[in-house]
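# Understanding the architecture of this molecule
Spelled out, the chains give:
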Amino acid sequence: MKILVDADACPVKSIIVNIAKKENIPVIMFFDTSHCYNDGYSLVKTVDKGPDSVDFAIINCIDKGDICITQDYGLAVMAMSKSAFALHQNGFEYTDLNIGRMLFERHISREMRKNGFRSTKIKKRAKENDIKFEKFFSEFIARIKDV
C-alpha cells in the first residue's frame, strides 16, 4: 500500500506525512512544475503544467489497495476504477454511493457558471477541517490495515 497525493493545492500534506510515517506507509506527492516541496519523507514527482497532468501521473502509478488523496472528483473516480481508495482532504471517502451525486452537482455548478451565475464566497479553511481530516485519516488507516 502507498499513499498518492494530488498535492498542488492539498492543505493536509503534513498531516498525511505524519500519519504515514507512524504507520510506515510510503507517500508520493505529485506536483506540477510551479511548486517545490520537500518534507524529508515523501517521494516527490513533478509533472508538467498541462491540464490534468498530475491526475494522469497519479493514475499511472496507482495500484489496487493504494490510497489517493484528492479534491478532484474525476481523479477520485479513476482511482476507484483501479480498486484504490479515494479520500477527500476534508475527511471523507469517495464511494459508489456518493460520487455520482458529487459529479452531478459539479456539472450543475459548471452549467450555472457558464450562464453567468456566481456563487457566494467560499469559506476559508478552518483548523477544525484539519482536525476532522486527521481523525478520519488515522481511523481509516487503522481500519484498512486490519483487513
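For the structure itself, consult the block above.
This report concerns the structure included in the present document. As the structure is a prediction and not an experimental result, all values here were calculated from the model.

## Regarding the packing of helix α3 (residues 73-81) against helix α4 (residues 99-114)
Across the interface, α3 lies against α4 with an axial gap of 10 Å and an inter-helix angle of 150 degrees. Considering the angle they form, α3 stands roughly antiparallel to α4. You can see that α3 and α4 cross each other, and the crossing is left-handed. Contacts from Tyr73, Gly74, Ala76, Val77 and Met80 in α3 reach Ile99, Met102, Leu103 and Arg106 in α4. Across the contact of α3 with α4, the residue classes tally to 7 nonpolar, 1 polar and 1 charged.

## Here we look at α4
In this model α4 runs 23 Å from its N-terminal to its C-terminal C-alpha over 16 residues, within 8% of the 22 Å that 1.5 Å per residue would give. Count one or two residues on from α4 and you reach glycine 116, which has phi positive near 95 degrees.

## So, the pattern of salt bridges
With the rule as written, the count across this model stands at 7 salt bridges. One salt bridge connects lysine 2 with aspartate 66, and the closest N-O pair in it is separated by 2.5 Å. Of the two residues, lysine 2 is situated in the segment before β1 (3-6) and aspartate 66 in the loop between α2 (53-61) and β4 (67-69); the sequence distance between them amounts to 64 residues. Of the two residues examined, lysine 2 and aspartate 66, each falls in the buried class. In this structure, lysine 114 and glutamate 111 form a salt bridge, with 3.2 Å as the shortest nitrogen-oxygen distance. With lysine 114 and glutamate 111 both in helix α4, this residue pair falls 3 residues apart, about one helical turn. One salt-bridge network, in which partners are shared between bridges, spans Lys2, Asp63 and Asp66.

## Comments concerning unusual backbone geometry
The backbone phi angle of asparagine 24 is positive, close to 60 degrees, even though this residue is not glycine. Position of asparagine 24 relative to the elements: it lies in the loop between α1 (13-23) and β2 (27-32). Judged by relative accessible area, which is 65%, asparagine 24 ranks as exposed. Even without a glycine there, the phi angle at serine 83 is positive, about 60 degrees. Its place among the elements puts serine 83 in the loop between α3 and β5 (85-88). Judged by relative accessible area, serine 83 falls into the partly exposed class, the value being 44%.

What counts, and at which threshold
Residues numbered from 1 in each chain as written. Predicted model: local features only at pLDDT ≥ 70, side-chain atom pairs only at ≥ 80, totals over all residues. Heavy atoms only, no water. Axes fitted to C-alpha atoms, helices over the stretch in contact; angles between N-to-C directions. Helix = DSSP H or I, 4+ residues; strand = E, 2+ residues; numbered from the N terminus. Parallel < 35°, antiparallel > 145°, perpendicular 65-115°, else oblique. Left-handed = near helix turned anticlockwise from the far one by under 90°. Contact = heavy atoms within 4.5 Å. Nonpolar A, V, L, I, M, F, W, Y, C, P; charged D, E, K, R; others polar. Expected span 1.5 Å × (residues − 1). Salt bridge = Lys/Arg side-chain N within 4 Å of Asp/Glu carboxyl O. Buried < 20%, exposed > 50% of the residue type's maximum accessible area, 1.4 Å probe, protein only.

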